[in-house]
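Each chain, written out:
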Amino acid sequence: MTTSSSASVETTPEHILLGHSPRIQALAARLRELVRTTVPDATERAYPGWHGIGYRHPQCGYFCGIFPQESSVWLLFEYGALLADPDSHLEGYGKQTRYVDIRRQQDIRVRPIKRLIKAALAYRKR
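Predicted model only: the values in this text are computed from it and were never measured.

A. Looking closely at the overall build of the protein. Along the protein, the regular secondary structure elements total three helices and five strands. Mapped from its N terminus to its C terminus, the protein presents α and β elements in the order α-α-β-β-β-β-β-α. Seen through its principal axes, the protein has C-alpha atoms that stretch 65 × 35 × 30 Å. Burial analysis of the protein (126 residues in total) assigns 42% to the buried set. Long-range pairs, those at least 24 residues apart, make up 48% of the contacts in the protein with a sequence separation of at least 6. Carbon and sulfur atoms make up 49% of the accessible area of the protein, which totals about 7700 Å². Seen as two clouds, the 18 positive and the 12 negative side-chain charges of the protein have centres 5 Å apart.

Below you can see the structure in the form of structure tokens.
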């Protein structure tokens with residue numbers, strides 16, 4: 001009988017960001033902070049298969065995620081196609097998701113992004 005002393009290691013958000021440039025890591029860190037302060041009761045989880053960091057709310061489930069790319073970071077909204085976007089920040093053409101493409105710290109416009117985060121949460125609570 002053989003036993004293994006190595007346990008399965010859970011992937012963390014930090015693991016998702018490994019290998020990305022310091023600029024991408026800093027953008028992702030700022031977005032993580034923004035989501036966590038806007039929705040403090042959301043839980044953060046790494047999704048290695050999606051190469052992303054997702055956010056779930058106890059009452060409504062998954063509502064948004066952060067997806068590092070080679071030259072930007074996407075703040076993706078699960079039902080972004082159904083959200084009001086008066087500031088025209090959302091990109092994408094699918095039937096369901098939309099994202100804000102963040103390339104520089106200046107692209108993180110706090111008020112409009114907080115509005116989108118709150119709208120995504122409100123939509124999921126319906």
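B. Focus on the sheet that holds strand 5 (residues 98–102). Pairing is antiparallel in the open sheet, where five strands are placed in the order 1-2-3-4-5. Pairing within the sheet leaves two strands with one partner each, and these edge strands are strand 1 (43–47) and strand 5. Put simply, the sheet's adjacent strands are angled 20° from each other on average, direction ignored. Where strand 4 (residues 73–77) lies against strand 5, five bridges are found, and the strand directions are antiparallel. Its bridge partner being in strand 5, Val73 is matched across the sheet by Ile102.

C. Geometry of helix 2 (residues 22–38). With 17 residues, helix 2 extends 24 Å from end C-alpha to end C-alpha; this agrees with the ideal 24 Å at 1.5 Å per step. For helix 2, the full list of buried residues reads Ile24, Leu27, Ala28, Leu31, Arg32, Leu34, Val35 and Thr38. What you see down the axis of helix 2 is that its buried residues fit within an arc of 165°, all on one side. Relative to its buried face, helix 2 has exposed residues pointing more than 90 degrees away, namely Pro22 and Thr37.

D. Molecular detail of unusual backbone geometry. One non-glycine residue, His51, lies in the positive phi region at around 55°. Of note, His51 is situated in the loop between strand 1 and strand 2 (52–57). For His51, a relative accessible area of 31% translates into the label partly exposed. The phi dihedral of Ser88 is positive, around 55°, even though this residue is not glycine. According to the relative accessible area criterion, Ser88 is exposed, its value standing at 61%.

E. A look at the environment of Arg32. By the element assignment, Arg32 lies in helix 2. For Arg32, a relative accessible area of 9% gives the class buried. Separated by 34 residues in the primary sequence, Arg32 and Ile66 place their C-alpha atoms 7.6 Å from one another. Not counting residues within four places of it along the chain, the set of residues in contact with Arg32 comprises Pro13, Glu14, Leu17, Glu44, Ile53, Tyr55 and Ile66.

Cut-offs applied
- For every chain, the first residue of the written sequence is number 1, and numbering continues from 1 onward in sequence order.
- Only residues with pLDDT of at least 70 get local features here, since the model is predicted, and only at 80 or more are side-chain atom pairs given and counted; chain-wide, interface and lining totals rely on the full set of residues.
- No hydrogens and no water enter the side-chain calculation; it runs on all heavy atoms of the structure.
- For helices the rule is a DSSP run of H or I covering at least 4 residues; for strands it is a run of E covering at least 2, with both sets numbered from the N terminus onward.
- Burial here depends on accessible area, computed with a 1.4 Å probe over protein chains only, as a share of the maximum for the residue type. Under 20% is buried, over 50% is exposed, and the range in between is partly exposed.
- The contact rule is simple, with two residues in contact once any of their heavy atoms fall within 4.5 Å.
- Computed with a 1.4 Å probe, the accessible areas rest on the Shrake-Rupley method; for each residue, only the protein chains presented here act as cover.
- The positive count covers Lys and Arg only, the negative count covers Asp and Glu only, and His and the chain ends enter neither.
- In plain terms, the charge of a residue is placed at NZ if it is Lys, CZ if Arg, CG if Asp and CD if Glu.
- In this analysis, strands are considered paired if DSSP registers two or more bridges between them.
- Between N-to-C directions, angles cover 0 to 180 degrees, with each direction set by a line fitted to C-alpha atoms, over the stretch in contact for helices.
- In this scheme, a helix's expected span is set at 1.5 Å multiplied by one less than its residue total.
- By construction, the arc corresponds to the directions joining the helix axis to the C-beta atoms.

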